[in-house]
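Listed here are the chains, written in short residue letters.
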Amino acid sequence: SVNMEYKMKIANVLYVKVGVVTSTKLENNKRTELISGIKKYPVSKAYLTKTGFKEDFQADLLHHGGINKALFLFSALTYKKINSFFNDSFEMTDMAYFGENLILSNICEEDICIGDILKIGQTKVQITQPRQPCWKLSANTNEQDMTKIIFDNGLTGWYAKVLEEGFICQNDEVILEKRINPTLNINILNQLIINPMLDEALTFEALKCEELGKAFFESLSKRYKLKEKDDQFSYYHT
């Protein structure tokens, strides 16, 4: 891995969103309710700690939150791409349809790599992995195909861990300070999790990458070992 030092502005924070855990009754779903912190709302600023925004909560602590998934970042461009499948029905200006904490301008999954260190407002964060889409995305948006569309097209957003705590405000600059794994961008990892044999050398590089989040590492190594016999996503996606 290389170590490229930058001090380059790559985006602005368009929205900061936090939320409490809510319960929503579900119709026509194999699960009867959605208990989740996915419904987050915009605030002008929030304080980021090692485990996430102080004002923010998760219901499923096994799969969400924690040190490696303290911050969930999303892109305005990704919102737009998702919207192209759904007649532009999802506004990014209000409730977080995808559970996002931050929506950034200008950059998307191709522009962010595992291990990137970003300075955002007072904070410093390090990118750990793509979000792995689950059934809650379909439930929260009332679109049965949502999870599948996000997964198949790699429109996932990405997680970060927190190196330095502090406030993040709406409109703060996002500065890329360091890039360690230039070949492992979020978009490529989203393709490899579908088919690790797309580029076996790159899959191998990802599995050796110390900065890759544990949850994604486990999914990818299972996928790589079992190939098409792997059914790990059939449960999470529906």
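Residues numbered from 1 in each chain as written. Predicted model: local features only at pLDDT ≥ 70, side-chain atom pairs only at ≥ 80, totals over all residues. Heavy atoms only, no water.

## Some remarks on the environment of L202
Next up, step 1: Along the chain, L202 turns up in helix α5 (residues 200–208).
Next up, step 2: Residues L202 and L184, 18 residues apart in the sequence, show an inter-C-alpha distance of 7.7 Å. (Helix = DSSP H or I, 4+ residues; strand = E, 2+ residues; numbered from the N terminus.)

## As for the pattern of salt bridges
Next up, step 1: One pass over the structure, following the stated rule, counts 9 salt bridges.
Next up, step 2: The salt bridge partner of D116 is R179, with a shortest N-O separation of 2.7 Å. Residue D116 is located in the loop between β8 (102–104) and β9 (117–120), and its partner R179 is located in strand β13 (residues 173–179); the two are separated by 63 residues in the primary sequence. Per residue, the accessibility class of D116 equals that of R179, and both read buried. (Salt bridge = Lys/Arg side-chain N within 4 Å of Asp/Glu carboxyl O. Buried < 20%, exposed > 50% of the residue type's maximum accessible area, 1.4 Å probe, protein only.)

## Observations regarding the pairing of strand β10 (residues 123–130)
Next up, step 1: With 7 of 8 residues buried, β10 is to be regarded as a mostly interior element.
Next up, step 2: Alignment of β9 against β10, held across 4 bridges, turns out to be antiparallel. Among the inter-strand pairings, K119 is bridged to a residue of β10, identified as K124.
Next up, step 3: Between β9 and β10, which pair antiparallel one after the other, the connecting turn spans 2 residues, and G121 there sits at a positive phi close to 60°.
Next up, step 4: In terms of strand pairing, β10 meets strand β11 (residues 158–164) through 6 bridges, oriented antiparallel. Looking at the pairing, P130 lines up with W158 of β11. (Pairing = 2+ DSSP bridges.)

## A word on the nonpolar core
Next up, step 1: Ranked by size, the top nonpolar core spans 41 residues in total, and within it F53, L102, L104, L118 and I120 carry the most contacts.
Next up, step 2: Once residues within four sequence positions are removed from consideration, L102 is found in contact with V13, Y15, V16, F53, L71, F72, L73, F74, I120 and I168.
Next up, step 3: Within the second largest apolar cluster, 22 residues are counted, among which are I38, Y79, I82 and L137. (Core = buried A, V, L, I, M, F, W, Y, C linked by side-chain atoms within 4.5 Å. Contact = heavy atoms within 4.5 Å.)

## Concerning the side chain of T128
Next up, step 1: With respect to the helices and strands, T128 occurs in strand β10.
Next up, step 2: With relative accessibility at 1%, the residue T128 sits in the buried group.
Next up, step 3: In contact with T128, not counting residues within four places along its chain, are N68, I114, Y159, A160, K161, E211, L212 and G213.

## Structural notes on the side chain of K40
Next up, step 1: Relative to the helices and strands, K40 is located in the loop between β3 (33–36) and β4 (41–43).
Next up, step 2: Engagement of the side chain of K40 in a polar contact is seen with the backbone oxygen of G37, the distance being 2.8 Å.
Next up, step 3: If sequence neighbours within four positions are ignored, K40 has contacts with K17, V18, G19, D56, F57, D94, M95, A96, G99, E100 and N101. (Polar contact = N/O pair within 3.5 Å; in protein donor to acceptor, adjacent residues only side chain to side chain.)

## Some thoughts on the packing of helix α4 (residues 186–194) against helix α6 (residues 214–226)
Next up, step 1: For the pair α4 and α6, the least separation of the axes is 8 Å and the interaxial angle reads 40°. By the criterion of interaxial angle, the relationship of α4 to α6 is oblique. For the pair formed by α4 and α6, the contact residues are L189, L192, I193 and I194 on the first element and F216, S219, L220 and R223 on the second.
Next up, step 2: Grouping the amino acids of the contact of α4 with α6 by side-chain chemistry returns 6 nonpolar, 1 polar and 1 charged. (Axes fitted to C-alpha atoms, helices over the stretch in contact; angles between N-to-C directions. Parallel < 35°, antiparallel > 145°, perpendicular 65-115°, else oblique. Nonpolar A, V, L, I, M, F, W, Y, C, P; charged D, E, K, R; others polar.)

## Notes on helix α1 (residues 76–84)
Next up, step 1: Listing the buried residues of α1 in full gives A76, T78, Y79, I82 and N83. The buried residues of α1 occupy an angular sector of 160° when the element is viewed end-on, so they sit on one face. Residues of α1 that are exposed and angled more than 90 degrees away from the buried face: K80 and S84.
Next up, step 2: Lining the buried residues of α1 we find β1 (4–18), β7 (71–75), β8 and α3 (146–153).
Next up, step 3: With a side-chain oxygen lying 2.8 Å from the backbone nitrogen of L77, the N-terminal cap of α1 falls on S75. (Arc of directions from axis to C-beta.)

## Details of the packing of aromatic side chains
Next up, step 1: Overall, the coordinates contain 11 aromatic pairs when judged by the stated rule.
Next up, step 2: Consider the rings of F74 and F98, whose centres lie 5.3 Å apart with planes at 15°: the pair is stacked. Note that F74 is positioned in strand β7 and F98 in the loop between α1 and β8, a separation of 24 residues in sequence. Summarising the burial analysis for this pair, F74 and F98 share the class buried.
Next up, step 3: Both rings, one in Y97 and one in F98, keep their centres 6.5 Å apart while their planes meet at 55°; by these two values the pair is tilted.
Next up, step 4: On the basis of relative accessible area, F98 is assigned to the buried category, the value being 0%.
Next up, step 5: Taking NZ or CZ as reference, K45 lies 4.3 Å from the ring centre of F167, over its face.
Next up, step 6: Sitting above the plane of the Y47 ring, K54 keeps its charged end 5.3 Å from the centroid. (Phe/Tyr/Trp six-rings, centres within 6.5 Å; stacked < 30°, edge-to-face > 60°. Lys NZ or Arg CZ within 6 Å of the ring centre and 35° of its normal.)

Just geometry here; none of it tells us what the structure is for.
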